[in-house]
Structure formats: C-alpha cells, structure tokens
Amino acid sequence: MNIMAEQKQNIVEIRHLYKSYHRGSLVVPVLYDITFDIVAGEFLALMGPSGSGKTTLLNLLAGIDKADEGSIRVGDMDITTLSETELAHWRANHVGFIFQFYNLIPVLKAVENVELPLHLTSLSKRERREHAEMALHMVGLDHRMDHYPQELSGGEQQRVAIARAIVTDPTILVADEPTGDLDRVSAEEILAMMERLNTEMGKTIIMVTHDPRAAQRAKILRHLDKGYLTDDDSQNPL
Amino acid sequence: MMILKILFRNAFHNKLRSGLTILGIAVAILAFGLLRTVISSWYAGVEAASTSRLVTRNAISIIFTLPLSYNEKIRQIEGVKIVSYGNWFGGVYIDEKNFFPNFCVEPRTYLEIYPEFVLSPAEKKAFLADRKGFVAGRKLAAKYGWKIGDGVTLKGTIYPGNWDFVLRGIYKGRDDTTDETQFYFHWDYLNETIKKVSPPRADQVGFYMIAVTRPDLSADVALAVDKTFKNSLAETLTETEKAFNQGFIAMSGAIVTAIQMVSFVVIIIIMAVVANTMAMTTRERIGDYAIMKTLGFGGRDITVLIFGESLVISLTGCLTGMILTFPAAAAFGQALANFFPIFIVSTETLYLDILAAILIGCLAAIIPTRQAIRIGIADGLRRIG
C-alpha cells in the first residue's frame, strides 16, 4: 500500500502557466493557463498539431525556457523561481533529454557523449567511465562505445542519446519527437526501450510526439491545441 | 578535461578550413616577423653602439669636414682615452650595385676603439704595416670571394679615380650584432693622394671617434670638445655614438613608420580572417553549445570552448609562422646583406609574434562567444535538424 501511495505522488505540478514569444513588437501567445499534474513513474505523451505549443510546454517543464506566468514544481522545487545558473544545475541533476535529432556532440565518441553530463558531478574519472559504459550496456551498445556519432545509424545514435539521458539517473526524462527522424523499425526499438525505462526502472517520461504509434506506448495522453489543453487527465485511449 | 578534449577536436574537426586559417595566420606571422626584423635591423647600428664612444663632426652638417689639427686638441681634453678619425670614402666596387660601407681611418687607434672587430695579431700587423692595405668584414670578404693578399680596386665617387688596395685582414665580429660587411683602409693613403691632386681637400677628416675613460664622463667630454672649438671656423657637434647613429635612422624615420604600420595592418587583416572563421564555426556549432547548456554546462564552459578553439588555431598558425621565419629571415638577410648587414630574428620579435597570435585568437572569439552565450537554449536547439 505504501508503495502504491508513493507512486501516486505528483512529480510535476503545473499551475496556470502562460507563455508567449516576442517577434519584434509582435507578441505571439503560445500557451494559455495550463494546469495539470504528472504522477511519479508516469509515461505521458503530449500530442497536438504543429504550433500547438507542446514543445514549448516541454521546454518549460524541463527548465530550458522561462514562463511568463504560472508555476512549475518538479519534485519539491518551483523551477520558475530559479536563476539561469540555478536552472543549469537543476537540469544537470534532475532532467534527462532525448531529442528528435539525437543532438550528440560530433567530436565525441559514443561513450564520451554519455559521459559528458557526468562531468558536472563529483564522480571520479573511473566512476564516470563505469557509469557511461553501464548506460551504454543498458541500451545494448557496448560494442559501439568507441564509435563517433557519424559512424552510427540513426537508431544507434538515439540509443546513445537515451544512455546520455539516463546516465545521471534524473528525476524526469523529457523526449521531443524521439522517433521523428527514425525509420519504423528503429522507432519501434526506441519506443520499446523507453517503455522499459518506464515500466522496469520507474522513470517518469514526458514525450512530445506527432506519431500515434509512439503515443500508443504512453500511459497518459494529453492534447494541446492552439496553446490550450483540450482534455482532462485521462488514461490513454490508444 | 572533457572541455579541453572537445576544444582541441573542434579546432581540427573541419580540417580544410582550419588548415587554411592556420596557413593564413602562419603567412601573416611570417610577414609580421620579417617586417619587425627589418625594423630591428634598421636600429642594429644603434643597438651595437657603445656608450663610451663619442663621435665629433662638423656642427653644420656631416658633409662638412674638420681640420686634422683638432686631433691633438681633443686628445688633451680630460676624460679622453683614445682619439681616432676617418672619412666616408664612398667607393664603388666594380659596379654601383655592389654597395658596402667603406671608410678610411687612422688604423691603429680605430682598431683600439673598436675591440669588437676581431683581427688575428698577424693580420693586424700586416694591415698596419701596409699603407695600401685594407681590412674587410668576414661577410663582405665571403661575398666577393676575397682572400688575404688579393688586390681590390674601388672607384672613388667623392674622391675621384681608381684606388687600389690589398686585403691584409678579415675581421670577425665579437658578437652577432657586429657589422661584418665593412671595409677599412688607411686614412694616410687617401690624404697623401689628395694632397697631390686636390691640395685644399687634404688634412681634412669627416669625423673623430673618441673613446672616453669612463662612460659616465661622456656628456662632460662631449661638452668640453664642443666648447674647445666654439667660435672656430669649424665648430663641432659631439654626441654619443648611439645618438649619432640614431640621427641617421631619424632621416629614414618615415620608412620605418611605414614598415611598422604595414606590419600592424597585416595583423589586423588576419584578425578579420580568423574572426570570420570563428563566426562561421560558432554558427555551425550553435546547436552543440545549446546541447551543452541543456545538459547544465554554463556560459563559462562555452567561453572556454570558443576562446580555446580560437587560440589553438591562432597559436598553431603562430608557431608555424615562427618556424618559417628563421629560414625566411636567413634567405632575406643573405639577399639584402648590403642593406641589412645584421638581420637576426630577435627574441623580442618572437614575443611580439606570440602576443599578436594571442590578440588575434582572443579578439576573434569575442563576438562569436557573445552570440553563443546570449542565444536561448530553445532557440539554439531549433537550429538543429
């Protein structure tokens, strides 16, 4: 019962969130009064048409952009009150990122890319390497750790990106169209891997996607349209 | 450590662009080094001048002479150790393009005043004994293939006629800054000949060289010499050898300034080229920097990456340019030995090269760094794909 109660705790609480962009003198509203919670251990998919504000929402709750109004509490921290430097530290400790275009550093080998976020921790050189190798082992890329990104397929690069995202054991994993640049087989592999991270390791995942097949893997589905959340908290009907 | 790894790998990631930029910097540093060496060579005579030597000349102009009779009067002034004298001869060897400095001097005292001209005792004895003898610097003798005992004829320009000499000694410089391209012969040889062909020009000297007993007496001795000949028909101007040489340099001050300006223009041009390279590089890597910021790296890390890459490129170019400067300076010095007898790349020039490279690297990185730091992470990430 205790475990169940703990799992029901909110890991993310978003309250009355507004965001707009400024293009010269033009103000373009993107998000309106967004309020919802994400439970720890959840796998949430954010869906919506282009320009609906889903990537903006993901950026806000991952601490890489700032809201105009409202609050975002992740764990016990209201990240809207943090300075840029504090946000950088917070991201390093609490967020793992998976992007559509993998976003690996091209001059670093796979293992070095995975090791990169660990340079902001107090781990020793040996410990960093062990952690990075373990993360690559988890995504099945032990044999590719000394390869540069350009020597890997799209699917493999995305697996390296996942290893980099989980190597610091973050509070939440955010994924922006993680299968958007992959073929169908690779996309399925990546989604299966993310599903395992959620079910077997209890990772909280927030994923932005256009792809209904990707959304199918999530436990909760949220729709955004023109900056508004258009559904209530509900189980994924897909 | 990882930042350093990324920095170095980034610097050579685009091999063609980095290679061409490094080549450009190397050529600029080479040009800068050579131009600075030309300027140093211009001042080599000033640098080599002794503080315990004075030069006395006619107060009106160097082209006017002084009576030989001043020699004894100067020698009697307190603080004077040795007095020598001489004239600029201005002779031409075979053809006018074969320029080298040639003087007639009182040989015994002149060699005493200039201990940096090193002659073997036998050669010195032979030179002093032969009124038609001359000594030449090692580089000059080597250039024309002269050997001891060889006869050499100079065509006089100030003192008309063909003047025959016999090589009695080849002097070596005591150190690198000694000019080894000069030609000295007996003042008496000139004077005796002039007495026959143009008596009014006889017993006249172009300059007196004075060695003082102590360098701190130089000013007093100079004043005393000039005071001695005040209100005479040929008033004197006495100054240290350094000031005298500097006076010559001042005549060509505009050329030196022009060379200095060109050397700095070269640096400014290459700075613009490196800045352009860094701007392109940073624009390409804006996504990488956004990723690093996303992962938690700060502005300081990004600054280190961009400044570091710029400095690695500029210092690699600088090192290449510095290495190339030595053979280039040797070839340049050899080709223009008549004009720049001492053409040595100085330590100061090498320091200036490094300073210029650091300046290029840092200034070229300022604007790209500012752009990379100021761009929002979300904007940076949008540029990927």
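Source: prediction; values computed, not measured.

1. Here we look at the overall build of chain B
Counting its secondary structure elements, chain B contains 14 helices and 13 strands. Over its C-alpha atoms chain B spans a radius of gyration of 29 Å, topping by over 25% the 21 Å that the globule rule assigns to 385 residues. Its C-alpha atoms give chain B principal-axis dimensions of roughly 95 × 45 × 35 Å. Looking at chain B as a whole, 38% of its 385 residues qualify as buried. In chain B, 82% of the contacts between residues at least 6 apart in sequence involve partners at least 24 apart.

2. Observations concerning the overall build of chain A
When helices and strands are counted, chain A shows eight helices and ten strands. For 238 residues, the compact-globule estimate of 2.2 N^0.38 gives 18 Å, and chain A sits close to it at 18 Å. Viewed in the frame of its principal axes, chain A has a C-alpha envelope of about 50 × 45 × 40 Å. Residues counted as buried form 48% of the 238 residues belonging to chain A. A fraction of 67% describes how many contacts in chain A between residues 6 or more apart in sequence connect residues 24 or more apart.

3. Observations concerning the sheet that holds strand 10 (residues 228-229) of chain A
Two orientations exist for strands paired in a sheet by backbone hydrogen bonds: parallel and antiparallel. Residues and elements named next belong to chain A. Pairing is mixed across the open sheet formed by six strands, whose spatial order is 6-7-8-3-9-10. Bordering the open sheet on either side are strand 6 (95-98) and strand 10, each of which pairs with just one other strand. Pairing geometry for strand 9 (residues 220-225) and strand 10, over two bridges, is antiparallel. Within strand 10, the position partnered with Leu224 by the bridge is Leu229. Together, strand 6 and strand 7 (172-176) form the strand contacts of helix 6 (residues 154-166), whose direction differs from that of strand 6 by roughly 170°.

4. Observations regarding the pairing of strand 9 of chain A
Residue and element names in this part refer to chain A. Relative to strand 9, strand 3 (residues 43-47) is paired through four bridges, and the arrangement is parallel. For Ala45, the partnering residue across the bridge sits in strand 9 and is Leu221. Here strand 9 folds back onto strand 10, and the loop between the two strands holds two residues, one of which, Lys226, carries a positive phi near 50°.

5. Some thoughts on the packing of helix 6 of chain A against helix 7 (residues 184-199) of chain A
All names here are of chain A. At a closest axis distance of 9 Å, the pairing of helix 6 and helix 7 adopts a crossing angle of 15°. By the angle between their axes, helix 6 is roughly parallel relative to helix 7. Taken as a pair, helix 6 and helix 7 cross one another with a handedness that is right-handed. On helix 7, the residues that touch Gly154, Gly155, Gln158, Arg159, Ile162 and Ile166 of helix 6 are Ser186, Glu189, Ile190, Met193 and Leu197. Of the residues assigned to the contact of helix 6 with helix 7, the class counts are five nonpolar, four polar and two charged.

6. What about the interface of chain A and chain B?
How big an interface is tends to be reported as the loss of accessible area on association of its parts. Contact with chain A, which involves 19 residues of that partner, is made by 19 residues of chain B. With five residues, helix 3 (residues 84-94) of chain A is the largest single contributor of residues to the side of chain A that touches chain B. Grouping the constituent residues of the side of chain A that touches chain B by class yields eleven nonpolar, six polar and two charged.

7. A closer look at the sheet that holds strand 1 (residues 10-23) of chain A
Residue and element names in this part refer to chain A. The sheet built from four strands is open, its strands ordered 2-1-4-5 with antiparallel pairing. Each edge of the open sheet carries a strand with a single partner, namely strand 2 (26-39) and strand 5 (77-78). Where strand 4 (residues 69-74) lies against strand 5, two bridges are found, and the strand directions are antiparallel. Looking at the pairing, Val74 lines up with Met77 of strand 5. Along the sheet face, helix 2 (residues 54-61) touches strand 1, strand 2 and strand 4 and points at about 120° away from the line of strand 1.

8. Comments concerning the domain arrangement of chain B
Residues and elements named next belong to chain B. According to the domain assignment, chain B consists of domain 1 (2-44 + 253-382) and domain 2 (60-234). Relative to domain 2, the C-alpha centre of domain 1 lies at a distance of 48 Å. Every contact between the two is made by six residues of domain 1 and, on the other side, nine residues of domain 2. Here the side of domain 1 that touches domain 2 is built from residues that sort into five nonpolar, one polar and no charged.

9. Side note on the environment of Arg374(B)
Turning to its location among the elements, Arg374(B) is positioned in helix 13 (residues 347-374). Residues Arg374(B) and Gly299(B), 75 residues apart in the sequence, show an inter-C-alpha distance of 8.8 Å.

10. Comments concerning the nonpolar core
Judged by nonpolar contacts, the single largest core of 114 residues is most densely connected at Leu46(A), Leu61(A), Leu136(A), Ala163(A), Ile206(A), Met207(A) and Ile25(B). The dominant element in this core, judged by the number of residues it contributes, is helix 11 (residues 253-295) of chain B, at eleven residues. Here Ile25(B) is in contact with Ile270(B), Val274(B), Ser314(B), Gly317(B), Cys318(B), Gly321(B), Ala357(B) and Ile360(B), once residues within four sequence places are set aside. Ranked by size, the runner-up nonpolar core spans 46 residues in total, among them Phe185(B), Leu190(B), Ile210(B) and Val225(B).

11. Side note on the packing of helix 1 (residues 2-11) of chain B against helix 12 (residues 299-335) of chain B
Pairs of packed helices are described in terms of their axes, by the angle between the two and the distance that separates them. Residues and elements named next belong to chain B. Where helix 1 meets helix 12, the axes come as close as 9 Å, and the angle between the chain directions of the two elements is 45°. As summarised for this structure, helix 1 and helix 12 are arranged oblique, according to the angle between their axes. In the crossing of helix 1 with helix 12, the sense of the turn from one axis to the other is right-handed. Mapping the contact onto sequence places Ile3, Ile6, Leu7, Phe8, Asn10 and Ala11 in helix 1 and Asp301, Val304, Leu305, Gly308, Glu309, Val312 and Ile313 in helix 12.

12. Quick notes on the pairing of strand 3 of chain A
All names here are of chain A. Burial runs high along strand 3: five of the five residues are buried. Of the strand pairs in this sheet, strand 3 and strand 8 (residues 204-208) are connected by four bridges, and their pairing is parallel. Counterpart to Leu44 in the pairing with strand 8 is Ile206.

13. Observations concerning helix 13 of chain B
All names here are of chain B. For helix 13, with 28 residues, the first-to-last C-alpha span of 41 Å sits near the 40 Å given by 1.5 Å per residue. Maximum bend of helix 13: about 35°, positioned at Ile366, with proline Pro368 one to four residues after it. Residues of helix 13 that are buried include every one of Thr349, Asp353, Ala356, Ala357, Ile360, Gly361, Ala364, Ala365, Pro368, Thr369 and Ala372, and no others. Contacts made by the buried residues of helix 13 are with helix 2 (15-42), helix 11 and helix 12.

14. Comments concerning the confidence of the model for chain A
Residue and element names in this part refer to chain A. For chain A, per-residue confidence averages 90 on the pLDDT scale, and 94% of positions sit at 70 or higher. The least confident element of chain A, judged by mean pLDDT, is helix 1 (residues 2-7) at 46; the most confident is helix 4 (residues 110-115) at 96. Here residues 1-7 scores under 50 on pLDDT; set against residues more than four positions off or in separate chains, the count is two contacts.

Reading the values: rules and limits
- Residues numbered from 1 in each chain as written.
- Chains lettered and ligands numbered in written order.
- Predicted model: local features only at pLDDT ≥ 70, side-chain atom pairs only at ≥ 80, totals over all residues.
- Helix = DSSP H or I, 4+ residues; strand = E, 2+ residues; numbered from the N terminus.
- Rg over C-alpha atoms; globule rule 2.2 N^0.38 Å.
- Buried ≥ 20, exposed ≤ 12 C-beta atoms within 10 Å, placed from the backbone.
- Contact = placed C-beta atoms within 7 Å.
- Pairing = 2+ DSSP bridges.
- Axes fitted to C-alpha atoms, helices over the stretch in contact; angles between N-to-C directions.
- Parallel < 35°, antiparallel > 145°, perpendicular 65-115°, else oblique.
- Left-handed = near helix turned anticlockwise from the far one by under 90°.
- Nonpolar A, V, L, I, M, F, W, Y, C, P; charged D, E, K, R; others polar.
- Domains from an automatic or database assignment.
- Core = buried A, V, L, I, M, F, W, Y, C linked by C-beta atoms within 7 Å.
- Expected span 1.5 Å × (residues − 1).
- Bend = angle between axes of the 7 residues up to and from the residue.
- pLDDT = per-residue confidence, 0-100.

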